[in-house]
Amino acid sequence: MPKFAIEVNGLRKRFGDQVVLNGIDLAVMPGTIFALLGPNGAGKTTLIHILSTLINPDVGSARVAGYDVVRDKNEVKKSISLTGQFAAVDEVLTGEENLLMMCKLSGLTTAESRIRTSELLIRFDLAAAAKKRVKTYSGGMRRRLDLAISLVVSRPVLFLDEPTTGLDTISRRALWDNIIQLKEQGITIFLTTQYLEEADQLADSIAVIDQGRVATAGTAVQLKSRLGGEVLELRNGHDELLLVVPTSGKIQDVMLTLNELAHSLPPDTQVSIRKPSMDDVFLALTSKEREESYA
């Protein structure tokens with residue numbers, strides 16, 4: 001068993017004149033959930049495509065389940081499952097037919113396919129809709145079916161590229177429960193997301209990338225602590241957010257910050273103090289990266 005389920009060193013990738021990945025380093029421990037955060041165009045999907053052997057890097061190396069993604073492509077493919085940004089299901093078929101088809105394509109016998117299909121329909125709460133055509137499914141049901149399809153054959157590493165995009169809150173949280181259950185079975189989960197709460201709730205470790213580089217990495221608690229002890233949130237009389245400012249939380253620091261800002265804020269400004277959130281971390285890191293790139 002390799003020390004890391006996923007290991008990336010100095011990974012670079014460009015498409016024409018656009019540098020998408022600009023020296024990525026990261027490592028994911030086996031049996032954990034790792035979240036990759038970043039704005040659109042940061043390189044999240046490109047990294048997953050490299051790790052799943054869909055494209056090759058230009059420079060650097062990456063290993064998944066101990067196998068090199070360039071030299072050992074077949075072994076990597078046998079070790080991973082992948083769910084992309086959009087549900088890859090046949091809308092004309094029923095949920096049961098989709099799963100049976102993928103089971104047989106994966107090499108299972110007819111009897112094995114029926115048993116596995118039944119197991120997955122129950123696990124992902126789709127048994128009641130098994131005979132219905134997928135075109136009648138809600139977004140959450142399609143996403144659960146897509147995830148079930150990716151698990152037809154159990155693999156040690158699962159890649160989820162923005163798995164809950166477009167889902168309502170209830171469907172998103174139901175899918176979170178499914179993801180946590182997979183982790184409890186020992187599966188390593190590498191997910192990309194734009195939902196900061198998702199990373200905060202699910203991930204054992206997080207990396208934030210922007211403009212093809214890792215801006216920071218660590219646990220949610222570690223990332224929040226780097227902003228300081230408290231955050232000042234300033235809103236106008238209409239409860240519209242004006243500014244969020246990290247501080248140490250000490251009274252001298254808070255008073256100094258407010259005195260510096262007082263002349264530029266409307267007189268009806270309301271001030272509250274709270275603990276940093278992942279939103280604060282994300283905005284602080286990505287805005288800093290952009291400021292440095294234009295300096």
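Under the annotation held in an unreviewed UniProt entry, the protein carries the name ATP-binding cassette domain-containing protein and is attributed to Cohnella luojiensis.

Q: Tell me about the overall build of the protein, and name the residues and values.
A: Regarding its fold elements, the protein presents ten helices and 13 strands. Along the three orthogonal principal directions, the C-alpha set of the protein runs to about 75 × 45 × 35 Å. Of all 295 residues assigned to the protein, the portion counted as buried reaches 43%. Expressed as a percentage of contacts within the protein between residues at least 6 apart in sequence, the contacts between residues at least 24 apart total 66%. Counting only carbon and sulfur atoms, one obtains 52% of the accessible surface of the protein, whose full area is about 14,900 Å².

Q: Outline the domain arrangement of the protein, supporting the account with residue identities and numerical values.
A: Size of an interface: often given as the accessible area lost when the parts come together. For the protein, the assigned domains read domain 1 (6–89 + 137–224) and domain 2 (226–293). Computed over C-alpha atoms only, the centres of domain 1 and domain 2 are separated by 31 Å.

Q: Lay out the sheet that holds strand β6 (residues 80–83) with the relevant residues and their values.
A: Strand order across the open sheet formed by six strands is β6-β7-β8-β3-β9-β10, with mixed pairing between neighbours. The sheet is open, and its two borders are formed by β6 and β10 (213–218), each paired with just one other strand. Ignoring which end each strand starts from, the neighbouring axes of this sheet average 15° apart. Relative to strand β9 (residues 205–210), strand β3 (residues 33–37) is paired through four bridges, and the arrangement is parallel. Across the sheet, A35 pairs through a bridge with I206, a residue of β9. Sitting on the sheet, helix α1 (residues 44–51) is in contact with β3, β6, β7 (157–161), β8 (188–193) and β9, with an inclination near 150° to β8. Contacts from helix α6 (residues 169–184) reach β3, β7 and β8, with the element oriented near 150° to β8.

Q: Could you give an account of the packing of helix α3 (residues 95–105) against helix α4 (residues 110–123), naming the residues involved and the relevant values?
A: It is at 9 Å that the axes of α3 and α4 come closest, and there the two elements cross at 135°. Overall, the two elements α3 and α4 adopt an arrangement that is oblique. Two packed elements cross with a definite hand, and for α3 against α4 that hand is right-handed. Packed against α3, whose contacting residues are E96, L99, L100, C103 and K104, the element α4 presents T110, S113, R114, R116, T117, L120 and L121 at the interface. In terms of residue class, the contact of α3 with α4 is made up of five nonpolar, three polar and four charged.

Q: Give me the lowdown on α3, citing residues and values where you can.
A: The set of residues buried in α3 consists of G95, N98, L99, L100 and C103. Along its buried surface, α3 packs onto α4 and α5 (139–150). A positive backbone phi angle near 100° is found at G107, which sits one or two residues after α3.

Q: Quick rundown of the nonpolar core? Include the residues and the values.
A: Within the largest apolar cluster, 41 residues are counted, with the highest numbers of intra-cluster contacts made by I189 and I206. Mapping this core onto the domain boundaries places at least three of its residues in each of domain 1 (6–89 + 137–224) and domain 2 (226–293). Among residues more than four places away in sequence, those in contact with I206 are F34, A35, L37, A199, T216, A217, G218, A220, L223 and M278. Of all hydrophobic cores here, the second largest spans 27 residues; its members include V20, L26, I48 and A207.

Q: With reference to specific residues and values, describe the confidence of the model for the protein.
A: For the protein, mean pLDDT is 88; residues scoring 70 or higher make up 94% of the total. Contacts of residues 289–295 to residues separated by more than four positions or lying in other chains number eight contacts, the stretch itself having pLDDT below 50.

Q: How would you sum up the pattern of salt bridges? Please name residues and give values.
A: For the structure on display, the rule yields 13 salt bridges. The partner of E96 in a salt bridge is K131, and the shortest N-O contact between them spans 2.6 Å. Here E96, found in helix α3, pairs with K131, found in the loop between α4 and α5; they are 35 residues apart in sequence, far enough to count as distant. With a closest N to O distance of 3.0 Å, K183 and D204 form a salt bridge. Placement of the pair is K183 in helix α6 and D204 in the loop between α7 (196–202) and β9, with a sequence separation of 21 residues. Among the residues examined, K183 registers a relative accessible area of 27% and is labelled partly exposed. One salt-bridge network, in which partners are shared between bridges, spans E233, R235, D239 and R274.

What counts, and at which threshold
Residue indices follow the written sequence of each chain, beginning from 1 at its first position. Restriction of local features to residues with pLDDT of at least 70 applies here, the model being predicted, together with a cutoff of 80 or more for giving and counting side-chain atom pairs; totals for whole chains, interfaces and linings are based on all residues. Side-chain descriptors were evaluated using all non-hydrogen atoms of the structure, hydrogens and water having been removed beforehand. Only runs of H or I of at least four residues qualify as helices and only runs of E of at least two qualify as strands under DSSP, and these elements are numbered from the N terminus. Exposure is judged per residue with a 1.4 Å probe applied to protein chains only, and the accessible area is read against the type maximum: over 50% gives exposed, under 20% gives buried, and values in between give partly exposed. Should any heavy atoms of two residues lie within 4.5 Å, those residues are counted as being in contact. The accessible surface values rely on the Shrake-Rupley method and a 1.4 Å probe; as for residues, cover is taken only from the protein chains in view. Annotation comment: domain bounds sourced from an automatic or database domain assignment. Two strands pair under a simple rule: DSSP has to find at least two bridges between them. Fitting a line to C-alpha atoms yields each axis, with helices limited to the stretch in contact; the angle taken between N-to-C directions then spans 0 to 180 degrees. Working rule for angles: under 35 degrees goes down as roughly parallel, over 145 as roughly antiparallel, 65 to 115 as roughly perpendicular, anything else as oblique. Two helices that cross are described as forming a left-handed crossing if the nearer one is turned anticlockwise from the farther one by less than a right angle, and a right-handed crossing if clockwise. Gly is placed with the polar residues, together with every amino acid not listed as nonpolar (Ala, Val, Leu, Ile, Met, Phe, Trp, Tyr, Cys and Pro) or charged (Asp, Glu, Lys and Arg). Within this scheme, the nonpolar core is defined by two criteria: the residues are buried Ala, Val, Leu, Ile, Met, Phe, Trp, Tyr or Cys, and they are joined through side-chain atoms within 4.5 Å. What pLDDT expresses is the predictor's confidence in each residue, scored from 0 to 100. Here a salt bridge means any side-chain nitrogen of Lys or Arg lying within 4 Å of a carboxyl oxygen belonging to Asp or Glu.

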